[in-house]
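Coordinates in review
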Amino acid sequence: MSDWVEELEASARGRFVRWDPGVWREVREGPAQVLGHTLRGETRTEAEALLRDYLRLAAEAIGLGYLYPASAGRPNFFTLAWTDLVPRLLPSVPHSERARVLAQLWNLGENLESAPPWVQRLFCRVVSRLDSLVELESTLRSTAAAAMEPPTTPLGAGAKVHQMDLSREDARFLPGAIHFLAPTVVCVHDRHRPAVAGREAATQGVWLSEAPVLLGPMGCTETPDVALPELPLLPKDEWYACAVNEWRAAATLHTSQWLVVLV
């Protein structure tokens, strides 16, 4: 195998100005080894063909700047797919479907590179929980519909209250102003670490689904106002800020790292 792997590396190194040999080494010594281990029950020809496709696309992603180590602090779909989803789940995909699934993962990753950061965060959180890549397309469709389209039921007296501990994502995070990014997605800003000179603020995203999901940093450069609109079910003197639309509401509190959500 080493001969064609070295050929892949040499070709990529010559084609891409952004080639990162450190990331390539991490892929070869980590995820590629995991994938090879899970393919031990297959014929050498089958295993080598899949490894070749995997590493060829990994080299392309590294050269285009799509694939970088998790230590970079900028989680994206390509890194998730090529370091976790493919090595862990692709061997269980039927042989006839593997090429299609790899292409699907690649196309999704490319599309997400040009999408708003919160969209990428949302899909990464949802997809990371998958147990099968066969479910990928249906999961993405249902997630997109649930996050980006208005819910069918308006916020009312029967709303459920959820409390989200934002310190789970960032121990220093002190929730402040809130703004909506989509009908059921909010961005919460740290009250002491705002966006400065175009740099990202310290933020946390939350998908206000029926079971709310923390999304991590949002890559937001906005400076939202601290708003205090009327919000049912919560005593107003406890709020630091809140945001409300027709379907969802969320409030940060003066003395807490928790976010209170109404669904």
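Residues numbered from 1 in each chain as written. Predicted model: local features only at pLDDT ≥ 70, side-chain atom pairs only at ≥ 80, totals over all residues. Heavy atoms only, no water.

For helix 1 (residues 2-15), which comprises 14 residues, the first-to-last C-alpha distance of 20 Å matches the rise-based estimate of 20 Å (1.5 Å per residue) to within 8%. Listing the buried residues of helix 1 in full gives Trp-4, Val-5, Leu-8, Glu-9 and Ala-12. The arc that holds the buried residues of helix 1, viewed along the axis, is 145°, so those residues lie on one side. The exposed set on the far side of helix 1, more than 90 degrees from its buried face, consists of Asp-3, Glu-7 and Gly-14. Structurally, helix 1 contributes buried residues whose contacts are with helix 2 (21-29) and helix 4 (44-63). (Helix = DSSP H or I, 4+ residues; strand = E, 2+ residues; numbered from the N terminus. Expected span 1.5 Å × (residues − 1). Buried < 20%, exposed > 50% of the residue type's maximum accessible area, 1.4 Å probe, protein only. Arc of directions from axis to C-beta. Contact = heavy atoms within 4.5 Å.)

To continue, consider the nonpolar core. Counting residues in hydrophobic clusters, the biggest one holds 60 residues, and the most contacted among them are Leu-55, Phe-77, Trp-82 and Leu-105. Element by element, the count of residues in this core is highest for helix 4, at 10 residues. Apart from the residues within four sequence positions on either side, Phe-77 is in contact with Leu-85, Leu-105, Leu-108, Gly-109, Leu-112, Gln-120, Cys-124 and Val-127. Listed in part, the 14 residues of the second largest apolar core include Phe-173, Leu-208, Ala-250 and Leu-259. (Core = buried A, V, L, I, M, F, W, Y, C linked by side-chain atoms within 4.5 Å.)

So, on to the sheet that holds strand 4 (residues 203-207). As summarised here, the arrangement of the four strands in space is 2-3-4-5, forming an open sheet in which the pairing is antiparallel. The outermost strands of the open sheet, each flanked by one partner alone, are strand 2 (175-182) and strand 5 (213-216). On average, adjacent strands in this sheet sit at an angle of 25° to one another, irrespective of strand direction. In this structure, strand 4 lies alongside strand 5, joined through three bridges in antiparallel fashion. Following the sheet pairing, Val-206 is matched in strand 5 by Leu-214. (Pairing = 2+ DSSP bridges. Axes fitted to C-alpha atoms, helices over the stretch in contact; angles between N-to-C directions.)

On to the pairing of strand 6 (residues 239-244), then. Judged from the five bridges that link them, strand 6 and strand 7 (residues 249-253) form a sheet pairing that is antiparallel. The residue of strand 7 that forms the bridge with Trp-239 is Leu-253. The antiparallel hairpin formed by strand 6 and strand 7 contains four residues in its connecting segment.

This next bit is on the side chain of Arg-121. Along the chain, Arg-121 falls in helix 7 (residues 117-127). On the accessibility criterion, Arg-121 (14% relative accessible area) is buried.

Most of helix 7 sits out of view: nine of its 11 residues are buried. Among the residues of helix 7, Trp-118, Val-119, Gln-120, Arg-121, Leu-122, Phe-123, Cys-124, Val-126 and Val-127 are the ones counted as buried.

Here we take up the packing of aromatic side chains. Taken as a whole and assessed by the stated rule, the structure comprises six aromatic pairs. With a centroid separation of 4.8 Å and an interplanar angle of 20°, the aromatic rings of Tyr-66 and Phe-78 are classed as stacked. One end of the pair, Tyr-66, is in the loop between helix 4 and helix 5 (77-89); the other, Phe-78, is in helix 5, with 12 residues separating them in the sequence. Looking at Tyr-66, the relative accessible area reads 17%, which means it is buried. Among the aromatic residues, those joined into a ring-pair cluster are Tyr-66, Phe-78, Trp-82 and Trp-106. Sitting over the ring of Tyr-240, Arg-191 keeps its end group 3.9 Å from the ring centre. (Phe/Tyr/Trp six-rings, centres within 6.5 Å; stacked < 30°, edge-to-face > 60°. Lys NZ or Arg CZ within 6 Å of the ring centre and 35° of its normal.)

Our next topic: the sheet that holds strand 8 (residues 258-262). In spatial order, the strands read 1-8-7-6; together these four strands make up an open sheet with antiparallel pairing. Either end of the sheet is taken by a strand with one partner, and the two such strands are strand 1 (161-165) and strand 6. Taken pair by pair, the neighbouring strands of this sheet meet at an average axis angle of 20°, ignoring direction.

Per the stated rule, a full pass over the model turns up 13 salt bridges. With its nearest N and O atoms 3.0 Å apart, the salt bridge here joins Asp-190 to Arg-193. Among the ionic contacts, a cluster of salt bridges with common partners joins Glu-9, Arg-13 and Arg-28. (Salt bridge = Lys/Arg side-chain N within 4 Å of Asp/Glu carboxyl O.)

These values are about where atoms sit, not about what they do.
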